[in-house]
Amino acid sequence: MFGDMMNMMGKLKETQRKVEETKKRLDTVLIDEKSSDNKLKITLTANRTIKSIAIDESLFEDKEQLEDYLILTLNKAIEKATSVNEAELAAVAKEGMPNIPGMDLFK
(Lines give C-alpha, C1' and ligand atoms only; values in the text may rest on other atoms or scores of the structure.)
Protein backbone atom coordinates (compact mmCIF):
# COMPACT_ATOMS: atom_id res chain seq x y z
CA MET A 1 0.00 0.00 0.00
CA PHE A 2 2.82 2.42 0.87
CA GLY A 3 4.45 1.64 -2.48
CA ASP A 4 1.19 2.47 -4.27
CA MET A 5 1.02 5.79 -2.43
CA MET A 6 4.62 6.62 -3.39
CA ASN A 7 3.92 5.65 -7.00
CA MET A 8 0.81 7.87 -7.01
CA MET A 9 2.79 10.80 -5.56
CA GLY A 10 5.44 10.31 -8.23
CA LYS A 11 2.78 10.38 -10.95
CA LEU A 12 1.27 13.54 -9.49
CA LYS A 13 4.67 15.27 -9.45
CA GLU A 14 5.29 14.19 -13.04
CA THR A 15 1.86 15.49 -14.05
CA GLN A 16 2.56 18.80 -12.32
CA ARG A 17 5.84 19.09 -14.27
CA LYS A 18 4.03 18.33 -17.55
CA VAL A 19 1.35 20.93 -16.76
CA GLU A 20 4.05 23.57 -16.21
CA GLU A 21 5.76 22.58 -19.49
CA THR A 22 2.42 22.81 -21.29
CA LYS A 23 1.79 26.29 -19.86
CA LYS A 24 5.18 27.43 -21.17
CA ARG A 25 4.48 25.89 -24.58
CA LEU A 26 1.10 27.64 -24.72
CA ASP A 27 2.98 30.95 -24.60
CA THR A 28 4.22 30.09 -28.10
CA VAL A 29 0.82 29.05 -29.51
CA LEU A 30 -0.64 32.08 -31.30
CA ILE A 31 -4.35 32.68 -31.83
CA ASP A 32 -5.37 35.11 -34.58
CA GLU A 33 -8.79 36.73 -34.66
CA LYS A 34 -10.15 39.26 -37.16
CA SER A 35 -13.25 41.38 -37.31
CA SER A 36 -15.74 40.24 -39.94
CA ASP A 37 -14.56 42.96 -42.34
CA ASN A 38 -10.85 42.49 -41.56
CA LYS A 39 -10.48 46.04 -40.22
CA LEU A 40 -9.15 44.78 -36.89
CA LYS A 41 -6.77 41.88 -36.28
CA ILE A 42 -5.69 40.64 -32.86
CA THR A 43 -3.06 38.04 -32.04
CA LEU A 44 -2.72 36.53 -28.58
CA THR A 45 -1.14 33.48 -27.03
CA ALA A 46 -3.10 30.46 -25.83
CA ASN A 47 -2.29 31.79 -22.34
CA ARG A 48 -4.32 34.88 -23.27
CA THR A 49 -1.49 37.39 -23.55
CA ILE A 50 -2.06 39.97 -26.29
CA LYS A 51 0.82 39.98 -28.77
CA SER A 52 -0.43 42.40 -31.42
CA ILE A 53 -3.34 44.52 -32.52
CA ALA A 54 -3.62 45.82 -36.10
CA ILE A 55 -6.24 48.52 -36.70
CA ASP A 56 -7.37 49.80 -40.10
CA GLU A 57 -7.01 53.58 -40.21
CA SER A 58 -10.69 54.06 -41.09
CA LEU A 59 -11.61 52.91 -37.57
CA PHE A 60 -9.79 55.90 -36.04
CA GLU A 61 -12.51 58.20 -37.34
CA ASP A 62 -15.16 56.79 -34.96
CA LYS A 63 -14.07 56.13 -31.38
CA GLU A 64 -17.26 54.28 -30.47
CA GLN A 65 -17.02 52.00 -33.48
CA LEU A 66 -13.37 51.23 -32.68
CA GLU A 67 -14.27 50.39 -29.09
CA ASP A 68 -17.03 48.05 -30.31
CA TYR A 69 -14.62 46.35 -32.72
CA LEU A 70 -12.06 45.89 -29.96
CA ILE A 71 -14.57 44.44 -27.51
CA LEU A 72 -16.08 41.99 -29.99
CA THR A 73 -12.81 40.85 -31.53
CA LEU A 74 -10.93 40.60 -28.23
CA ASN A 75 -13.74 38.55 -26.70
CA LYS A 76 -13.72 36.14 -29.66
CA ALA A 77 -9.93 35.81 -29.47
CA ILE A 78 -9.98 35.24 -25.71
CA GLU A 79 -12.70 32.61 -26.12
CA LYS A 80 -10.62 30.72 -28.70
CA ALA A 81 -7.45 30.98 -26.60
CA THR A 82 -9.28 29.78 -23.49
CA SER A 83 -10.64 26.79 -25.38
CA VAL A 84 -7.17 25.78 -26.60
CA ASN A 85 -5.66 26.38 -23.14
CA GLU A 86 -8.27 24.34 -21.28
CA ALA A 87 -8.16 21.45 -23.76
CA GLU A 88 -4.36 21.20 -23.60
CA LEU A 89 -4.16 21.40 -19.81
CA ALA A 90 -7.05 18.96 -19.33
CA ALA A 91 -5.36 16.43 -21.62
CA VAL A 92 -2.13 16.61 -19.61
CA ALA A 93 -3.95 16.43 -16.29
CA LYS A 94 -6.11 13.49 -17.38
CA GLU A 95 -3.07 11.60 -18.67
CA GLY A 96 -1.35 11.80 -15.30
CA MET A 97 -4.27 11.25 -12.95
CA PRO A 98 -4.45 7.91 -11.16
CA ASN A 99 -7.47 5.80 -12.04
CA ILE A 100 -9.68 6.26 -8.99
CA PRO A 101 -13.21 4.87 -9.43
CA GLY A 102 -15.86 7.58 -9.31
CA MET A 103 -13.34 10.38 -9.86
CA ASP A 104 -13.89 11.06 -13.56
CA LEU A 105 -13.00 14.74 -13.29
CA PHE A 106 -11.56 15.15 -16.76
CA LYS A 107 -14.01 13.40 -19.07
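In what follows, the structure referred to is the one given above.
Residues numbered from 1 in each chain as written. Predicted model: local features only at pLDDT ≥ 70, side-chain atom pairs only at ≥ 80, totals over all residues. Heavy atoms only, no water.

**Focus on the side chain of Thr45**
Then step 1. Positionally, Thr45 belongs in strand E2 (residues 40–45).
Then step 2. The contacts of Thr45, once residues within four sequence positions are left out, are Leu26, Asp27, Val29, Leu30, Ile31, Lys51 and Ala81. (Helix = DSSP H or I, 4+ residues; strand = E, 2+ residues; numbered from the N terminus. Contact = heavy atoms within 4.5 Å.)

**Some words on unusual backbone geometry**
Then step 1. For Asn38, which is not glycine, the phi torsion reads 65° and is therefore positive.
Then step 2. Mapped onto the secondary structure, Asn38 falls in the loop between strand E1 (30–34) and E2.
Then step 3. For Asn38, a relative accessible area of 52% puts it in the exposed group.
Then step 4. The backbone phi angle of Arg48 is positive, close to 70°, even though this residue is not glycine.
Then step 5. Within the element layout of this structure, Arg48 appears in the loop between E2 and strand E3 (50–55).
Then step 6. In this structure Arg48 comes out as partly exposed when scored by relative accessible area, which is 38%. (Buried < 20%, exposed > 50% of the residue type's maximum accessible area, 1.4 Å probe, protein only.)

**Some details on the pattern of salt bridges**
Then step 1. Applying the stated criterion across every chain, the model contains 7 salt bridges.
Then step 2. Its salt-bridge partner being Arg17, residue Glu21 comes within 2.2 Å of it at the nearest N-O pair. With a gap of 4 residues between them, Glu21 and Arg17 both fall in helix H1 (residues 2–26), about one helical turn apart.
Then step 3. Of the residues examined, Glu21 reaches a relative accessible area of 44% and is grouped as partly exposed. (Salt bridge = Lys/Arg side-chain N within 4 Å of Asp/Glu carboxyl O.)

**What to know about the environment of Asp62**
Then step 1. Along the chain, Asp62 falls in the loop between E3 and helix H2 (63–96).
Then step 2. On the accessibility criterion, Asp62 (35% relative accessible area) is partly exposed.

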